[in-house]
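Chains, contacts and geometry: an overview
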Amino acid sequence: MQTFHELEQTQSVISTILQNSLRNDRINHAYIFTGDYEPLLLEAAHLFAKSLFCEAPVDVEPCGVCRSCRRMESGNLVDYYEIEPDGATIKKEQIQQLMHDLSLRGLEGNRQIYVITQSHKMTPQAANSLLKFFEEPGEGKVALLLTNQPQLLLPTIRSRGQLLSFRPADRQMISEVLSEKTGRDHELTQLAARVYPKVEDAEEALLEDWFVNARASVLQLMEELANRPADLPLFVQEKWMGQFKNRQDVRIGLELVTCFFEDVLRLKLNPAWEGMTYTNSKPQLEQMGSKSQTTITRWLQAVLAAVRRVEANVNPQLTVERLMFDLQKG
């Protein structure tokens, strides 16, 4: 996304608000971008920052050719910062380092902009460190917090930023683009678009066999649950942990399971529904849909709880083992 005109095609309200802020030179010290697809939020944040740094904007559009625009494009603008989770969380030390960097005068001008992706993953200590800075941000400093779970931010942080809620992303279009780039089938690209927070990460995953095998492992897990639930612990030890070896792998696996149960529940509620993510697996979805709505909902809640535990740094293997026990209970 290079222009506000492009942003306007899918996010007209957001585009209008940001353009008016630029035209009227009424820039808040903090914005919270929320939406279901973080790559879109990051593109919008990058565009807004580029416009703020641009030395010769055309109306409010960044010119794309000035020194600042070129440095933004190359990732070499020293007064622009991006913070992302270090592992499962954004740590206090990351925020403290950011605050130290921002305490210095802007090296190239009177503006400093920082973007915190997946900002809901800040630890309590990190969030409190950021809050202190929010209270006295200093002139020319702009924060852009990106999150798909704004309710997890501290209320005091939410109250100090302008909340901009993006419309749901067109995942069908994203999936089609990924299919064209990677040659993978539609089901696989839809899943990658769902579980990876960045398009680049989704594309990279689709080019490797690991993600293909991850989908196969999830479908095998669902078969075990449907037909041999007593064997789930053995399956986890012999097959699952061999595929999902670290915290990030386990998170991806659990997100894939979440997608499956969401498809099952929606198909249960509406047998004519055609919007499933597991487009090649409808017979298996329908088989699992023979369970009661209560059971399916309980399974989905158990998986979502497991995702939260992994993100909270709980031991991944223990988390999966507990999940298998919860799934066995039905």
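Residues numbered from 1 in each chain as written. Predicted model: local features only at pLDDT ≥ 70, side-chain atom pairs only at ≥ 80, totals over all residues. Heavy atoms only, no water.

**Some remarks on the pattern of salt bridges**
What the rule picks out here adds up to 12 salt bridges. Between K181 and E203 there is a salt bridge, with its nearest N and O atoms 3.8 Å apart. With K181 in helix α8 (residues 171-182) and E203 in helix α10 (residues 199-206), this pair connects stretches of sequence that are 22 residues apart. Measuring nitrogen to oxygen at the nearest pair gives 2.6 Å for the salt bridge that ties R194 to E262. Linking R194 in helix α9 (residues 186-195) with E262 in helix α13 (residues 247-269), this pair joins segments that are 68 residues apart in sequence. According to the relative accessible area criterion, R194 is partly exposed, its value standing at 27%. On the basis of relative accessibility, which here comes to 18%, the residue E262 falls in the buried class. (Salt bridge = Lys/Arg side-chain N within 4 Å of Asp/Glu carboxyl O. Helix = DSSP H or I, 4+ residues; strand = E, 2+ residues; numbered from the N terminus. Buried < 20%, exposed > 50% of the residue type's maximum accessible area, 1.4 Å probe, protein only.)

**A closer look at helix α2 (residues 12-23)**
Its 12 residues give α2 an end-to-end C-alpha distance of 16 Å, which sits within 8% of 16 Å, the value for a rise of 1.5 Å per residue. Within the sequence span of α2, burial applies to I14, S15, L18, Q19, S21 and L22. Viewed along the axis of α2, the buried residues span an arc of 155°, placing them on a single side of the element. Among the structural elements, α1 (4-10), β1 (30-34), α3 (38-53) and β5 (162-165) are those in contact with the buried residues of α2. (Expected span 1.5 Å × (residues − 1). Arc of directions from axis to C-beta. Contact = heavy atoms within 4.5 Å.)

**Quick word on the sheet that holds strand β3 (residues 112-116)**
Read from one edge to the other, the open sheet built from 5 strands follows the order β2-β3-β4-β1-β5, with strand pairing classed as parallel. Strands at the two margins of the open sheet, each flanked by one partner only, are β2 (80-83) and β5. Each strand axis lies, on average, 15° off the axis of its neighbour in the sheet, ignoring direction. Pairing of β2 with β3 involves 4 bridges; the strand directions are parallel. The residue of β3 that forms the bridge with E82 is V115. (Pairing = 2+ DSSP bridges. Axes fitted to C-alpha atoms, helices over the stretch in contact; angles between N-to-C directions.)

**A few points about the packing of aromatic side chains**
Counting across every chain of the model gives 9 aromatic pairs. Pairing Y114 with F133 gives two aromatic rings, centres 6.2 Å apart and planes at 70°, and the pair type is edge-to-face. Of this pair, Y114 sits in strand β3 while F133 sits in helix α6 (residues 124-135); the two residues are 19 residues apart in sequence, bridging distant segments of the chain. Of the residues examined, F133 reaches a relative accessible area of 14% and is grouped as buried. Ring centres of W210 and F244 lie 5.7 Å apart, and the angle between their planes is 85°; on these two criteria the pair is classed as edge-to-face. (Phe/Tyr/Trp six-rings, centres within 6.5 Å; stacked < 30°, edge-to-face > 60°.)

**Focus: the layout of surface pockets**
Its volume calculated, the largest pocket comes out at about 1400 Å³. N148, R194, V195, R251 and E255 are the residues nearest the centre of the largest pocket, which is lined by 46 residues in total. Elements with a minimum of two residues in the lining of the largest pocket: α3, α8, α9, α10, α13 and α15 (293-311). Its residues placed into classes, the lining of the largest pocket shows 16 nonpolar, 12 polar and 18 charged. (1 Å grid on protein atoms, 1.4 Å probe; cavity = no way out; pocket = protein on both sides within 12 Å on 5 of 7 lines; lining within 4 Å. Points joined across faces, edges and corners; volume = space filled by probe spheres on them. Nonpolar A, V, L, I, M, F, W, Y, C, P; charged D, E, K, R; others polar.)

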